[in-house]
Amino acid sequence: MPVTMDASGGVVVAKPAGALGATLAMLLFVLLAAWLAWGALEERKQAALQQRLQAEANGIALKVEERFRGYRQVLRGARALYMASDTVEGREWAEYVAGLTLSEDYRGIQGVGFSRWLTPAARLELEARMQAAGLAGYKVWPAGEREHYSAIVALEPLDTRNRRALGFDMFSEPTRREAMTRAVEVSEGALSGPVVLVQEDGVAQQRGVLLYLAVFRSGFSASDVATRWRELQGWVYSPFRMDDLMEGALGRFTSDMRLKVLDLSPGSQPALLFDSEPESGEGPANALRYERRLVLGGREWLLEFSTRPDFSVGERPLVELGVIVLIGSLLLAVTWSLAVTRARARALAIVSGSLRQREAQYRAIVNLSHEGIATVDQRWRLTYVNPRLAEMLRQSANELLGTSFCTYCPDLGDELAGERAERLRQGNGRSLEMELQREDGSKLTVLVSDAPLVDADGRLSGATLMVVDITERKAAERRINYLATHDGLTDIPNRARFEELLGAAIARAARYQHSFALLFVDLDHFKEVNDSHGHLVGDALLVEAVKRMKSCLRASDTPARQGGDEFVVLLPETKSTQDAERVAEKIRAELARPFEVEGCNLNISSSIGVVFYPQHGRDADALLRHADEAMYRAKSAGRNRVAVCDAAGEKV
Ligand SMILES: Nc1nc2c(ncn2[C@@H]2O[C@H](COP(=O)(O)OP(=O)(O)OP(=O)(O)O)[C@@H](O)[C@H]2O)c(=O)[nH]1
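This one's a predicted model, so the numbers in the text were calculated from it and none came from an experiment.

Under the feature "transmembrane region" (unreviewed entry), the UniProt entry names residues 20-41 and 318-339. In this annotation, residues 20-41 is assigned 100% helix and 0% strand; the end-to-end C-alpha distance for the span is 30 Å.

As structure tokens, then:
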């Protein structure tokens, strides 16, 4: 979160780009981790599916094997029964088979039968005997002359389907003959290749297989192949319809798997024995597949398992994905939060560092300032004082803190506290020239400027004061003003100042109906002093002459130098021409006394014109002009005299 300064020096905090970068990096990491995790989950899921497929397939294969062993056991029992009783025709065989409860415990077996091995001669005898036993029309079929015959003589349960098979010479049919031959020669259960059972009536026809066990003469023990054939009595066998057999074996077969069973026995073409979904074609390409080979009754079966689209191992991957997304989201949230917090902390550190730096700058400026700076609260109590103000007030800052600034400048009281607060609330500062009085009583002239001080909530909390010491400046101004209005030699008002004073006197006299007098004094033959003794002596004489004039005047009277050796005197409290004349005479007499200046004894005199307001003029020009004329008249009359101007004319 970068921090910059704006044009006014304020701190500008930019958006948290660092936080965004860190979060984007974490997002990439989370997405990558999620992608990897998803891949791993998919792999695990595929492995789990494959595992489930194999487990289920192996279970099914085991079940088929068990089923087959069960069927073989049934035939062994039948063989044992035959070898024990030497005949299986009739009621005894039917009871044995009924006792097996085939339809319940051995589903798929169409029946348990016995096929007798016959010589051609024995065939006719068998037919006669079977017919005599009640099976009218019993014939060994198919008809035809053959070297050997076999004939089904018993097949239980003897229902309509099985009855159709009685008399059938299975040895005449190559597929069955192969299995029957094997049963004789290996003396074990021999399974045939796929056949169409003679029991099939064309309705919902299925592929069939037959399981044979050779039955030898009683007491026969295994010997060579030729002897076996000689001792052969026939075969106990069971026909199976494949769909029924597999349904019996696969009672738990799940609908989300497909099973195909093929006969792969060497020497014969692969033949499809069973397909749980004969209508489905090859199935989806991405289906999982598993193959299992079984050797059953000397034949090799291939069990092909494949999964259907709904084959699954539960919804765990989705749950795990949800967990990954949740953890990822939490990581993102935490990263974002941490990054933003860090960026904010960094920005705050920068801001506070910048503020500290700025504060230090301001503090240095304030401390080094040649102006007094202070803050006050709303009751005008000092809350901060810079060294310069403390120096001005000749007290330490600590002593000043908490005291009211009004203590030192009573002039502040000119503005009512409420008005001042309202002015400051409106944001208006003010500059005021005033006098500060120190604790020791000494004073200084200052210019106090105030500006509103607001707190963090924008409420007026007081004021900032700037105090400029203008004592010297004011003194200089006064001095300049004095010099501008006073004669530099004699230190009395000059002509310009006198005109102001005269104007003011006229105005005052006019308003209050007063009268006043004006004297015009010119030294006589002053040029001769300069010429005889030099200007310095002349200057000293002028200074002394003014002193003598002043000694004749009251405090309210004002002498002024008009220029050269000409002076005017304003006598404001003179009520009559006689009074004025008396003062003029006093001045004349005083100036006529000998002077001793710069070691020189000098004798001069003066000529003085007297005018009176308002009789001799109502404005300054008239009064001065008449006074000047009266003075000249005195000079003309021989000098060293006073001439008064009045309405009737001047008298000397
Ligand atoms: N020493 C000195 N002389 C000055 C000053 N100002 C004017 N003067 C001189 O004062 C003299 C004034 O002479 P005037 O008033 O003309 O003549 P006066 O000699 O006084 O003669 P009356 O006035 O006719 O009696 C001149 O010589 C000026 O140069 C000054 O400040 N100092």
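As a further point, take the packing of helix α15 (residues 526-533) against helix α16 (residues 535-551). The interhelical angle for the contact between α15 and α16, taken along N-to-C directions, is 140°, at an axis separation of 6 Å. In terms of axis orientation, α15 runs oblique to α16. Where α15 abuts α16, its residues F526, V529, N530 and H533 lie against H535, V537, G538, L541 and L542. The class makeup of the residues in the contact of α15 with α16 is five nonpolar, four polar and no charged.

So, about the pattern of salt bridges. In this structure the tally under the stated criterion is 36 salt bridges. The partner of R52 in a salt bridge is E56, with the nearest N and O atoms 3.1 Å apart. Of this pair, R52 and E56 both sit in helix α1 (residues 17-85), four residues apart, which is roughly one turn of the helix. On the basis of relative accessibility, which here comes to 18%, the residue R52 falls in the buried class. Put simply, D524 and K635 hold a salt bridge, and the shortest N to O gap is 2.7 Å.

This next bit is on unusual backbone geometry. In this structure, the amide linkage connecting W141 to the following residue, P142, adopts the cis form with an omega of 0°. Relative to the helices and strands, P142 is located in the loop between α4 (120-132) and β4 (149-156). Cis rather than trans, the peptide bond between Y613 and P614 has omega equal to 10°. Relative to the assigned elements, P614 resides in the loop between β22 (605-613) and α18 (620-636). You will see that R394, though not glycine, has its phi angle at about 55°, which is positive. The residue R394 is located in the loop between α10 (387-393) and α11 (397-400) in this model. Accessibility expressed as a relative area gives 54% for R394, which makes it exposed. Residue D491 is not a glycine yet carries a positive backbone phi of 60°.

Criteria and cut-off values
Each chain carries its own residue numbering, running from 1 in the direction its sequence is written. The model is predicted, so local features are restricted to residues of pLDDT at least 70 and side-chain atom pairs to those at 80 or more, both for listing and for counting; the totals for chains, interfaces and linings are taken over all residues. Note that water and hydrogens are dropped before the side-chain values are worked out from all heavy atoms of the structure. UniProt positions are given in the numbering used here, feature names are shortened, and annotations may be inferred rather than shown by experiment. Where helices and strands are cited, they refer to DSSP runs of H or I of at least four residues and of E of at least two residues respectively, numbered from the N terminus. To obtain each axis, a line is fitted to C-alpha atoms, and for helices this fit is confined to the stretch in contact; angles are then taken between N-to-C directions over 0 to 180 degrees. Working definition: roughly parallel below 35 degrees, roughly antiparallel above 145 degrees, roughly perpendicular at 65 to 115 degrees, and oblique for all remaining angles. Pairs of residues are marked as contacts when any of their non-hydrogen atoms sit within 4.5 Å. Note that Gly is not counted as nonpolar here; it falls among the polar residues with everything else outside the nonpolar set of Ala, Val, Leu, Ile, Met, Phe, Trp, Tyr, Cys and Pro and the charged set of Asp, Glu, Lys and Arg. What makes a salt bridge here is a side-chain nitrogen of Lys or Arg within 4 Å of a carboxyl oxygen of Asp or Glu, nothing more. Think of it in three bands: with a 1.4 Å probe and only protein chains considered, a residue is buried below 20% of the maximum accessible area for its type, exposed above 50%, and partly exposed in between.

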